[in-house]
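Chain by chain, the residues run as shown.
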Amino acid sequence: MAHYKYDRLSAQDTSFLIFEQANVNMHVSSTSIYKAGHLKTHEGGIDFGRIKKAVGDILHRIPRYRQKLMWIHEGKTAAWVDDHQFKLDYHVRHTSLPRPGTAEQLKVLASRITESQLDRSRPLWEMWVVEGLQGDRFALINKIHHAMIDGTSGVELSQVLMSPDPEYRPAEPPVYYPRPTPSRQELIQDEYERFMKIPFKAMKDFRHYWQDTQDFYGEMSTRAKAIMETFAQMGAPSENPLNGPLGPHRVVDWTVMPLEDIKSVRRALGCTVNDVVLTIVTGAVREFMLNRQVNPADIEFRVAAPVSVRRDVEQGKTSGNRVSSWSVRLPIEEDEPLMQLQALHSITTELKESNQAIGVEMMMALAEWTPSLLTLGARAGGASNNTIVTNVPGPQFPLYLIGAEMEEIYPNVPLMENMGIGIALMSYNGKLCWGFNADYGRVSDIASFVKYIRQSFMRLAGSCQVELSEAFRKYSQDWSRQQPALPKPTVNPAAAAHADAAAPKKTTRRRKSTSSTRKTAANE
């Protein structure tokens, strides 16, 4: 190895670069809302200088924030190299809402920031400090390319940027000395040497795997079957109003629910939080389709549910992707919430016993050797589905940014090609925060979809006779006051009647289960 150092992107990290197109942005984003606290200035603004300095003081703990892309083979393999022209002022930005700024105005700003792509000639992140929010609050809007982080590492990253201690104790950061940048020829030479060593590394790994695995032939058979099953499930998603070519504009929305209310429903029904979340989404998608005069029974609607495959030794790493995916069919043909949940519980229980997540993981591992598999692996992880629903557990205690308490954080997942809406959830300090990112041309009335989400949860809670908390009613009142006047939806009676008549009376047919499981990124 030469005197320079760099970090080669994994096949999965590279896949998010390859999938990015003119109207398909592959960055994750979030909007977090804070109490102003001591950051409020005498003039009523926010001390932006303190925030920017605090971010600069911790960058040595997040090396990727001062690294940029350098392609080894254009469109196939890339590396992270230190940015010798790094400027914090470019990445940490300051803006304001017209006072007193409303939640609706913040959502419009978040939509505009989300729809623009990150500059690939610089480190792939931005942080917008937004002051002027009513109630003595401010917001941070973060954008980070998915090539840098997944959901789990994003949560860990947030705890690097913030602290559970309201007392801010600044520390003097080390001086930043960027590492020498390799030439493209040197990168190609290193890549050639790595490629030549692959057979020897494979033999070494194979020998270790043989020694450490009790049922070697059974495990190899399981993994081979998982890959074949993954290939078999690929294909274009069912046609419906939520899927199709994407335009350049995005619309962002969010809502919040008490986490304890979700858990009360989970306990009453003997299922997981993830089952409850998927049931809520099922009810909302069904209502959306009916109001678009589409019969839900005519659609096989699938969601990609990310599954963490991050091992214990990898916990604490704040960069890179270690995620696979399940493909879950939502029973939107079913009207009753309890029947929806029963069907989903059977599906998710079966998936935990199956090898679907292993199949995507294996394809990404093979792509390290054969980059041509990158597109197939990424497609298996999301592009063959109608939407994405990702649920990441966050800290159940308050976090502080220089003493300013974070009240809520709303994540946004990027939209894959032809995917009109993405749903991301994060639990934080007793709240379940829902973030919605949609293509404006497909879901311009996203507030209606969020309304269906809340109604779907209320129907589910009522079905199992769970009384929702006073906090939920307060959140609902606050949410209703923030919403613009919505037109009364037009329901096609024929489509609704046909959907009810076509609804199956039995739950989804179970497939034969196989061994091996993976830990989900969702709360259970």
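Residues numbered from 1 in each chain as written. Predicted model: local features only at pLDDT ≥ 70, side-chain atom pairs only at ≥ 80, totals over all residues. Heavy atoms only, no water.

Omega for the peptide link from R99 to P100 comes to -5 degrees, which places this bond in the cis form. Within the fold, P100 resides in strand β5 (residues 92-101). Despite not being glycine, I402 has its phi angle at roughly 50 degrees, a positive value. With respect to the helices, strands and loops of the structure, I402 is situated in the loop between β12 (400-401) and β13 (404-412). One non-glycine residue, N429, adopts positive backbone phi at about 50 degrees. Relative to the helices and strands, N429 resides in the loop between β14 (421-428) and β15 (431-439). (Helix = DSSP H or I, 4+ residues; strand = E, 2+ residues; numbered from the N terminus.)

Our next topic: the confidence of the model for the chain. Segments scoring low in pLDDT should not have their predicted coordinates read at a detailed level. Here the chain averages 81 in pLDDT, and 73% of its residues register 70 or above. Taken together, the stretch residues 312-316 has pLDDT below 50 and engages in seven contacts with residues farther than four places along the chain or on a different chain. Long-range and interchain partners of residues 502-524, a stretch whose pLDDT sits below 50, account for 66 contacts in this model, where long-range means more than four residues apart. (pLDDT = per-residue confidence, 0-100. Contact = heavy atoms within 4.5 Å.)

All right, on to the packing of helix α8 (residues 259-269) against helix α9 (residues 273-291) then. Where α8 contacts α9, the two axes come as close as 9 Å, and the packing angle between them is 105 degrees. Classified by the angle their axes make, α8 and α9 are roughly perpendicular. Contact residues: I262, K263, V265 and R266 in α8; V273, V276 and I280 in α9. Residues belonging to the contact of α8 with α9 are distributed by class as follows: five nonpolar, no polar and two charged. (Axes fitted to C-alpha atoms, helices over the stretch in contact; angles between N-to-C directions. Parallel < 35°, antiparallel > 145°, perpendicular 65-115°, else oblique. Nonpolar A, V, L, I, M, F, W, Y, C, P; charged D, E, K, R; others polar.)

Turning our eyes to something else, we now look at the environment of N418. Looking at the secondary structure, you find N418 in the loop between β13 and β14. Separated by 34 residues in sequence, N418 and S384 have C-alpha atoms that sit 9.6 Å apart.

The final tally for this structure, using the stated rule, is seven aromatic pairs. Relative to F436, the ring of W434 has its centre 6.2 Å away and its plane inclined at 15 degrees; by these criteria the two rings are stacked. F436 carries the same exposure label as W434, and that label is buried. Residues F436 and F449 carry aromatic rings whose centres are separated by 6.1 Å and whose planes lie at 70 degrees to one another, so their mutual orientation is edge-to-face. Placement of the pair is F436 in strand β15 and F449 in helix α13 (residues 446-463), with a sequence separation of 13 residues. This pair shows no difference in class: F436 is buried, exactly as F449 is. Of the aromatic side chains, those joined through ring pairs into one cluster are F288, W434, F436 and F449. (Phe/Tyr/Trp six-rings, centres within 6.5 Å; stacked < 30°, edge-to-face > 60°. Buried < 20%, exposed > 50% of the residue type's maximum accessible area, 1.4 Å probe, protein only.)

Okay, the nonpolar core next. Counting residues in hydrophobic clusters, the biggest one holds 52 residues, and the most contacted among them are F301, V328, W434, F449 and I453. The biggest single contributor to this core is α9, with 10 residues. With near-sequence residues (within four places) excluded, W434 lies in contact with D253, W254, T255, M257, V277, I280, V281, Y410, I423, A424, L425 and I453. By size, the runner-up hydrophobic cluster in this structure holds 45 residues, among which are I51, I58, A147 and I409. (Core = buried A, V, L, I, M, F, W, Y, C linked by side-chain atoms within 4.5 Å.)

Tracing the chain through its elements places E20 in the loop between α1 (11-19) and β2 (27-35). Judged by relative accessible area, E20 falls into the buried class, the value being 12%. Separated by 3.0 Å, the side chain of E20 and the backbone nitrogen of M26 make a polar contact. Separated by 2.8 Å, the side chains of E20 and R120 make a polar contact. (Polar contact = N/O pair within 3.5 Å; in protein donor to acceptor, adjacent residues only side chain to side chain.)

Taken together, the buried positions of helix α2 (residues 48-57) are F48, I51, A54, V55 and D57. For α2, the secondary structure elements touched by its buried residues are α3 (88-91), β5, β6 (125-133), β7 (137-145) and β12.

Taken as a whole, this structure holds 26 salt bridges when the rule is applied. A salt bridge links D165 to R169, with the nearest nitrogen and oxygen atoms 2.4 Å apart. Overall, the relative accessible area of 58% leaves R169 in the exposed class. A salt bridge links R329 to E333; its shortest N-O distance comes to 3.3 Å. Both residues of the pair, R329 and E333, belong to the buried class. Overlapping salt bridges bring together D7, R64, D82 and R179 as one network. (Salt bridge = Lys/Arg side-chain N within 4 Å of Asp/Glu carboxyl O.)

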